[in-house]
Amino acid sequence: MDIRSGLVDSIGNTPLIRLKAASEATGCEILGKAEFLNPGQSVKDRAALYIIKDAVAKGTLKPGGTIVEGTAGNTGIGLALVGNALGFKSVIVIPDTQSQEKKDMLRLCGAELIEVPAVPYKDPNNYVKYSGRLADELAAKSPNGAIWANQFDNVANRQAHIETTGPEIWAQTDGKVDGFTCAVGTGGTLAGIAIALKERNKNVTIALSDPMGAALYHYYKHGELKAEGSSITEGIGQGRITANLEDAPIDDAFQIPDEEALPFVFDLLKHEGLCLGGSSGINVAGAVRLARQMGPGHTIVTILCDYGTRYQSKLFNPAFLKEKNLPAPDWL
Ligand code: PMP
């Protein structure tokens, strides 16, 4: 018999998929870790599970307690699903700019959803800071208590990738992985996988793939946090060194405009049947840049972060793309 005991047991152990066109164009093996196949359809199920397990182990999250988090959506979906499976409530604070599909899914899960204006991190009403204050208030007044998941600075997030995603990639490639790249939201995925792979082989090249509007590309290239431009991608694009990113062994960085990333998303759907969100496009574009830099014959791994239907109203909406002067899929 091969039976998983519940949702929690069904997170992770995702397939590693060869991306045909990208591999053929570069002479490398370009492999995508299919995180969109997690039960919550994103890479963030792993962090949600580890954050909850850590809080339970520390005794801060008690039966019937509430999990509060500020999120672009995917972490909230993971927290709400794992919370439902383990008997916790969830209260999610989301910037109002995030896709309707993610907000609908959070409501469908039974999470309490609070939409706030999208303002920069330095503003006290930024969604992350708002969620931290709300957690304190709820902790003081809820009978079963409340915790703040704090995914950006809670290193239980990157621990999920140190203990699961990284070792899975190592095992799935028989240790033959030469390079890894992905974008950063909290940095949990990039830092955790970087630490896990470098522990096994210090010569694996780790590169950040940064969208426009994020400040990390300039930080890893020139030592200065500096942002320029903007991106329609969601869940990525960081302006500071989070606790999850601290001391991460990152060797190189690429800055990827949406114009370069979106054609990968459309082509992967039309020609390889992979329906992905925008951050996966940044990642695959980054993997192709890393492959070209390293030369043919290398094995490069990246993350296919979440499922594309989550962005039907934006990324796959020709009117929205036209308004932003971005390329659109030719069959829509
Ligand atoms: N892609 C998407 C769609 C996401 O929601 C996130 C998480 N915010 C990421 C990528 C980045 O993952 P991480 O937080 O581990 O950096």
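Thresholds, definitions, all that
Residues numbered from 1 in each chain as written. Predicted model: local features only at pLDDT ≥ 70, side-chain atom pairs only at ≥ 80, totals over all residues. Helix = DSSP H or I, 4+ residues; strand = E, 2+ residues; numbered from the N terminus. Rg over C-alpha atoms; globule rule 2.2 N^0.38 Å. Buried ≥ 20, exposed ≤ 12 C-beta atoms within 10 Å, placed from the backbone. Contact = placed C-beta atoms within 7 Å. Domains from an automatic or database assignment. Pairing = 2+ DSSP bridges. Near = placed C-beta within 6 Å. Nonpolar A, V, L, I, M, F, W, Y, C, P; charged D, E, K, R; others polar. Expected span 1.5 Å × (residues − 1). Bend = angle between axes of the 7 residues up to and from the residue. Core = buried A, V, L, I, M, F, W, Y, C linked by C-beta atoms within 7 Å. pLDDT = per-residue confidence, 0-100. Axes fitted to C-alpha atoms, helices over the stretch in contact; angles between N-to-C directions. UniProt positions renumbered as here; feature names shortened; annotations may be inferred.

**Observations concerning the overall build of the protein**
Link 1 in the chain: Looking only at helices and strands, the protein features eleven helices and ten strands.
Link 2 in the chain: Expected size for 332 residues packed as a compact globule is a radius of gyration near 20 Å; at 19 Å, the protein falls within 12% of this value.
Link 3 in the chain: Dimensions of the protein, computed from C-alpha atoms along their principal axes, come out at roughly 60 × 45 × 45 Å.
Link 4 in the chain: Residue burial in the protein is summarised as follows: out of 332 residues, 52% are buried.
Link 5 in the chain: Within the protein, residue pairs in contact and separated by at least 24 positions form 70% of the contacts whose partners lie at least 6 positions apart.

**A few points about the domain arrangement of the protein**
Link 1 in the chain: Partitioning the protein into domains gives domain 1 (8-37 + 161-324) and domain 2 (43-148).
Link 2 in the chain: The straight-line distance from the C-alpha centre of domain 1 to that of domain 2 is 25 Å.
Link 3 in the chain: Tallying the contact residues gives 23 residues for domain 1 and 17 residues for domain 2.
Link 4 in the chain: Of all elements in the fold, only helix 6 (156-172) and helix 7 (188-200) reach the threshold of two or more residues within the side of domain 1 that touches domain 2.
Link 5 in the chain: When residues of the side of domain 1 that touches domain 2 are assigned to their parent elements, the largest contribution, three residues, is made by helix 6.

**Re the pairing of strand 10 (residues 299-304)**
Link 1 in the chain: In terms of burial, strand 10 is largely enclosed, as six of its six residues are buried.
Link 2 in the chain: Looking at chain direction, strand 7 (residues 179-182) and strand 10 are connected through two bridges and run parallel. Note that in strand 10 the partner of Phe180 across the bridge is Val301.

**Some words on the site of the ligand**
Link 1 in the chain: The environment of the ligand is formed by 20 residues, the closest being Gly185, Thr186, Thr189, Gly235 and Ser279.
Link 2 in the chain: For the shell around the ligand, the element with the most residues is helix 7, which contributes three residues.
Link 3 in the chain: Looking at the shell around the ligand residue by residue, the classes come out as seven nonpolar, ten polar and three charged.
Link 4 in the chain: Three or more residues apiece are contributed to the shell around the ligand by two domains, here domain 1 (8-37 + 161-324) and domain 2 (43-148).

**Describing helix 6**
Link 1 in the chain: Between its terminal C-alpha atoms helix 6 stretches 24 Å, which fits the 24 Å expected from 17 residues at 1.5 Å a residue.
Link 2 in the chain: Along its length, helix 6 reaches its greatest deviation from straightness, about 35°, at Ile162.
Link 3 in the chain: For helix 6, a buried count of twelve out of 17 residues is recorded, marking the element as mostly surrounded by other parts of the structure.
Link 4 in the chain: Residues of helix 6 that are buried include every one of Ala156, Asn157, Arg158, Gln159, Ala160, His161, Ile162, Thr164, Thr165, Gly166, Ile169 and Trp170, and no others.
Link 5 in the chain: Looking at the buried residues of helix 6, the elements they touch are strand 1 (16-18), strand 2 (29-34), helix 2 (44-58), helix 7 and strand 10.
Link 6 in the chain: A positive phi of about 50° marks Asp174, the residue just after helix 6.

**A word on the nonpolar core**
Link 1 in the chain: Grouped together as the largest cluster of nonpolar side chains are 60 residues, with contacts concentrated most on Ile30, Ala194 and Leu197.
Link 2 in the chain: Take this core: its biggest share by element is seven residues, from helix 10 (residues 278-294).
Link 3 in the chain: Excluding residues that lie within four positions of it along the chain, Leu197 makes contacts with Gly166, Ile169, Trp170, Val177, Phe180 and Val204.
Link 4 in the chain: In this structure, Tyr50, Ile52, Val91 and Ala149 belong to the second largest nonpolar core, which totals 34 residues.

**What about the confidence of the model for the protein?**
Link 1 in the chain: Of all residues in the protein, 100% have pLDDT values of 70 or greater, and the mean over the chain is 97.
Link 2 in the chain: Our summary of model confidence lists the complex with pTM equal to 0.97 and ipTM equal to 0.98.

**Focus: the environment of Thr71**
Link 1 in the chain: Its location among the elements puts Thr71 in the loop between strand 3 (66-70) and helix 3 (74-86).
Link 2 in the chain: On a C-alpha basis, the gap between Thr71 and Val93 in space is 6.3 Å, while along the polypeptide they are 22 residues apart.
Link 3 in the chain: Not counting residues within four places of it along the chain, the set of residues in contact with Thr71 comprises Gly76, Ile92, Ile94 and Gln151.

**Examining the environment of Asn157**
Link 1 in the chain: Relative to the helices and strands, Asn157 resides in helix 6.
Link 2 in the chain: Taking the C-beta count within 10 Å as the criterion, Asn157 has 30 such neighbours and is therefore assigned buried.
Link 3 in the chain: With near-sequence residues (within four places) excluded, Asn157 lies in contact with Ala47, Tyr50, Ile51, Gln151, Thr186, Gly188 and Asn244.

**Observations concerning the sheet that holds strand 9 (residues 252-256)**
Link 1 in the chain: In space, the six strands of this open sheet follow the order 1-2-10-7-8-9, with mixed pairing throughout. Because the sheet does not close on itself, it has two edges, and the strands there are strand 1 and strand 9. The sheet shows a mean angle of 25° between the axes of neighbouring strands, taken without regard to direction.
Link 2 in the chain: In this structure, strand 8 (residues 205-211) lies alongside strand 9, joined through five bridges in parallel fashion. When the sheet's bridge partners are listed, Ser209 is paired in strand 9 with Phe254.

**Regarding the UniProt feature "domain: Tryptophan synthase beta chain-like PALP" (unreviewed entry) in the protein**
Link 1 in the chain: In the numbering adopted here, UniProt assigns the feature "domain: Tryptophan synthase beta chain-like PALP" (unreviewed entry) to residues 9-306.
Link 2 in the chain: Span residues 9-306 is 43% helix and 17% strand, its end C-alpha atoms 19 Å apart.

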